[in-house]
Amino acid sequence: MDRTRLPPVARELLWPLLLLGPALPFLAGPAVAAGFGRYGWWAPQAAVVGAAVLEALVGADASGPRHSVHALLDRGPYHRAVLYAYVPVYFGALVWSCSRWAAPGLPIPDGLGLALAVGWAGGVAFTVSHELGHGRLRVERWAGRLLVAPFAYGHYYVEHGRVHHALVATPEDPSSARLGEGFWAFLPRVLAGRVRAGWRSEALRLARQGRGPWHVRNELFRSWAPTVVLYACLVAAFGSRPVPYLVVQAALALIVQESASYIQHYGLLRRAGPTGRHERPALRHSWNSNALVGNILLCNAPRHSHHHVAPGRHYQTLCHVDEALQLPAGYLSMIPLAWFPPLWRRVMDPKVVAHYGGDPARANVSPADKDVGYFESWAPTYDASMLQKRYFHPVRHVVLDHARSLATRPPSVLDIGCGTGALLRGARARFPDSALTGVDPAPSMVRIAHATGREHYVVGRAERLPFPDASFDLVLSTLSFHHWADQRQGLTEIHRVLRANGCAVIADHFAVGWLRPFFAVARKRGRMRTRREVEALLRASGLRPAGWHIAHTVPSFLRARPYRRTGPPLLPLTAVATAAKDPGRPAG
């Protein structure tokens, strides 16, 4: 509920207060000069606490500019000038702080207090950097990249625009926190996930242009270049003394920024349809706050739902929407709360569960199977992987050869663990009259398969296939068997969906020959199986083993060609097990 409601004009006059964030380190100088001594270097920390208290006292304000004046506010220079002024103030504070750190005789606790002040300023600068990064002008986008240079986060711009906005509030988004996931578990996942997602996205873009990921036009290199130049200039100007403090400020800036990311989508999930495509981002997929102080100091970032629904809107025109989910307090209070996971979960978990009608399974929870989560994150660049040419494609070629030898014209074919649909696209030439269906537990894989092929794809697991009994004449599985959580149940499901005299072809990293000692641990976990174990599982599932063949070897991997049987296999990597349904033998 609002406790404050400012006239629109008064709210517009408050935007220059944004500059208090980057000016935070400058408070240390007057505090020391005023006689606070060594405690003066910690004065900015007291200011941060004071801002959080003030946010709670002032309360919420849901007011905003009328829709009729949005165009006028967007065209005017006032709000952009505030953002542009942020850049020199922030870098001025950084340079001044380096001059203090470089001064001989500065005690470590004093330098640490100043470093934390710079870190808070950097964390707040992220909100302005984010706003500039969404700007239409190239100079604005480059200004946004400069603001994240002190903490080497240039890859944020590639990941944020191409990945986060596309996958927000889904399990595959590295920056959407999951229900029950503590902040300190989320932090390494998001830090690594942003780099990984940004790199894969850029590698895919360059691959479309016929270039490799290490090409000079890689946007990540361009985004990291300002960090290299900045640190080189600072070390040249002030020596090596400021470096440890620069590391401290960068660490705190990243913690503050990713604390905001953690808050914004905690536990919220966009539903996925049977094709794996998620619903469009809506107001209910972000947490928001109308706390006046936090919204002014953080460039209206707490009005996050409106930003995702209309990412082209500038900060001054983001509005409160009644349907948007509201946090119990402002960002300046919720960010420190996130650092204490038991307290955070006590406050937020009931709100998430209540939003989903008391059913936590409808929220964004950690994948029960980590393999599925891995393939979710790999999906955008899966088809561009170097493994496709050297490994996946040759194995698929051998699998289709064996499938054709078992069933020349099967009416219906199922591919379990279909990924992005490459096997079925290849099967179309060999089985032109067959109905081809793929199933995969990773929604992102299924979504890409739908976009690139004419076959039918659904989301589902091998252990619970979403098909009626006796639906298929041929079942294929390529390099997914070792990912099945329950391999016997998966084979039993194959027996169930196969028609009488139907066949199955399963290729996987079976423990054959020289690989057996390397797969010893995986075998204990029921992953990599020997030939004897695979055939025992097939019989127990009501399937009759029909053959065993080597599908790929180390030499064929190095040559990036399908394995051809011209003699004893040298260093086998993959084997193919074929089986037929025994109509008179039910699954055990």
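For every chain, the first residue of its written sequence is number 1, and the numbers climb from 1 along that sequence. Thresholds applied to this predicted model are a pLDDT of at least 70 for local features of residues and 80 or more for the giving and counting of side-chain atom pairs; totals over whole chains, interfaces and linings are not thresholded and use all residues. Values shown for side chains rest on all heavy atoms present in the structure; no hydrogens or waters enter the calculation.

(A) Region of the structure containing the environment of P213. Within the fold, P213 resides in the loop between helix 9 (183-208) and helix 10 (219-238). Distance from P213 to V158, taken between C-alpha atoms, is 14 Å for residues 55 residues apart in sequence. Any two residues whose heavy atoms approach within 4.5 Å are treated as being in contact. Not counting chain neighbours up to four residues away, the residues in contact with P213 comprise W199, A203, L206, N218 and F221. A run of H or I in DSSP becomes a helix once it reaches four residues, and a run of E becomes a strand once it reaches two; helices and strands are each numbered from the N terminus.

(B) Summary view of empty space enclosed by the protein. Only protein atoms enter the 1 Å grid used here. Points where a 1.4 Å probe fits but cannot escape make up a cavity, open sets with protein on both sides within 12 Å along at least five of seven lines make up a pocket, and a residue lines them when an atom lies within 4 Å of a point. Grid points are joined across faces, edges and corners, and a volume is the space filled by probe spheres set on the points. Per the counting criterion, the structure on display carries two cavities of 30 Å³ or more. Empty space within the largest cavity amounts to approximately 80 Å³. As for the largest cavity, its lining consists of T127, H130, E131, C299, N300, A301, R303, H304, H307, Y315 and L318. For the lining of the largest cavity, the secondary structure elements donating two or more residues are helix 6 (108-133) and helix 13 (304-309). If you tally residues by element for the lining of the largest cavity, the top one is helix 6, at three residues. Gly falls in the polar group here, along with every residue not listed as nonpolar (Ala, Val, Leu, Ile, Met, Phe, Trp, Tyr, Cys, Pro) or charged (Asp, Glu, Lys, Arg). Along the lines of polarity and charge, the residues of the lining of the largest cavity split into four nonpolar, five polar and two charged. Estimates place the volume of the second largest cavity at around 50 Å³. In this structure, the second largest cavity is lined by N288, N290, R303, S305, H306, C319, H320, V321, A324 and Q326. Grouping the constituent residues of the lining of the second largest cavity by class yields three nonpolar, six polar and one charged.

(C) Looking closely at the packing of aromatic side chains. Pairing of aromatic side chains requires ring centres within 6.5 Å, counting the rings of Phe and Tyr and the six-membered ring of Trp. Pairs whose planes differ by under 30 degrees are stacked, by over 60 edge-to-face, and all others tilted. Counted under the stated rule, the structure contains 32 aromatic pairs. Ring centres of F183 and W184 lie 4.8 Å apart, and the angle between their planes is 75°; on these two criteria the pair is classed as edge-to-face. Judged by relative accessible area, F183 falls into the buried class, the value being 0%. Residues Y266 and W344 carry aromatic rings whose centres are separated by 5.4 Å and whose planes lie at 85° to one another, so their mutual orientation is edge-to-face. Here's how the labels work: a residue is buried when its accessible area is under 20% of the maximum for its type, exposed when over 50%, partly exposed in between, all with a 1.4 Å probe on protein chains only.

(D) Representation of the side chain of N218 in the model. Checked against the element boundaries, N218 lands in the loop between helix 9 and helix 10. Assessed through its relative accessible area of 0%, N218 is described here as buried. Polar contacts, as counted here, are pairs of nitrogen or oxygen atoms within 3.5 Å of one another; within protein the pair requires one atom able to donate a hydrogen and one able to accept it, and residues that are adjacent in sequence qualify only if both atoms are side-chain atoms. A polar side-chain atom of N218 sits 2.8 Å from the main-chain amide nitrogen of L220. Not counting the four nearest positions on each side in its chain, N218 is found in contact with W199, E202, L206 and P213.

(E) Spatial organisation of the side chain of E12. Here E12 is to be found in helix 1 (residues 8-13). Overall, the relative accessible area of 14% leaves E12 in the buried class. Only 2.4 Å separates the side chain of E12 from the side chain of H79, close enough to count as a polar contact.

(F) A look at the environment of G29. As for its placement among the helices and strands, G29 is situated in helix 2 (residues 28-36). A sequence separation of 67 residues divides G29 from W96, and the C-alpha atoms of the two residues are 9.9 Å apart.

(G) View of a nonpolar patch on the surface. Nonpolar side chains collect at one region of the surface, where V9, L13 and Y78 lie side by side and expose about 320 Å² of accessible area between them. Relative to the assigned elements, Y78 resides in helix 5 (residues 78-102). Patch construction takes residues with relative accessible area above 30% that form no salt bridge. Like charges are linked within 9 Å, and nonpolar side chains (Val, Leu, Ile, Met, Phe, Trp, Tyr) are linked within 5 Å. Residue burial considers only the protein chains on display, and all accessible areas are found by Shrake-Rupley using a 1.4 Å probe. Definition used for salt bridges: Asp or Glu carboxyl oxygen within 4 Å of a side-chain nitrogen of Lys or Arg.

(H) Spatial organisation of helix 3 (residues 43-58). Each residue after the first adds 1.5 Å to the expected span of a helix. In a regular helix each residue adds 1.5 Å, so 16 residues correspond to 22 Å; helix 3 covers 22 Å between its end C-alpha atoms and thus fits that length. Taken together, the buried positions of helix 3 are P44, Q45, A51, A52 and E55. Within helix 3, the buried residues cover an arc of 120° as seen down the axis, which keeps them to one side. Turned more than 90 degrees away from the buried face of helix 3 sit A46, V49 and L57, all of them exposed. A positive backbone phi angle near 85° is found at G59, which sits one or two residues after helix 3. The directions from the helix axis to the C-beta atoms are what the arc is built from.

(I) How the structure looks around the packing of helix 3 against helix 6. Axis separation between helix 3 and helix 6 bottoms out at 8 Å; the angle between their running directions is 40°. In this view, helix 3 runs oblique relative to helix 6, as classed from their interaxial angle. Contact residues: helix 3 offers P44, Q45 and V48, while helix 6 offers G113, L116, A117 and W120. Taken together, the residues that form the contact of helix 3 with helix 6 break down as five nonpolar, two polar and no charged. Interaxial angles span 0 to 180 degrees and are taken between N-to-C directions of axes, which are lines fitted to C-alpha atoms, for helices over the stretch in contact. Any angle that falls under 35 degrees is termed roughly parallel, while one over 145 is termed roughly antiparallel, one within 65 to 115 roughly perpendicular, and all others oblique.

(J) Seen up close, the environment of A197. Its place among the elements puts A197 in helix 9. For the pair formed by A197 and V163, sequence separation is 34 residues and the distance between their alpha carbons is 7.0 Å. Look past the residues within four positions of A197 in its chain and what remains in contact with it is E159, V163 and P174.

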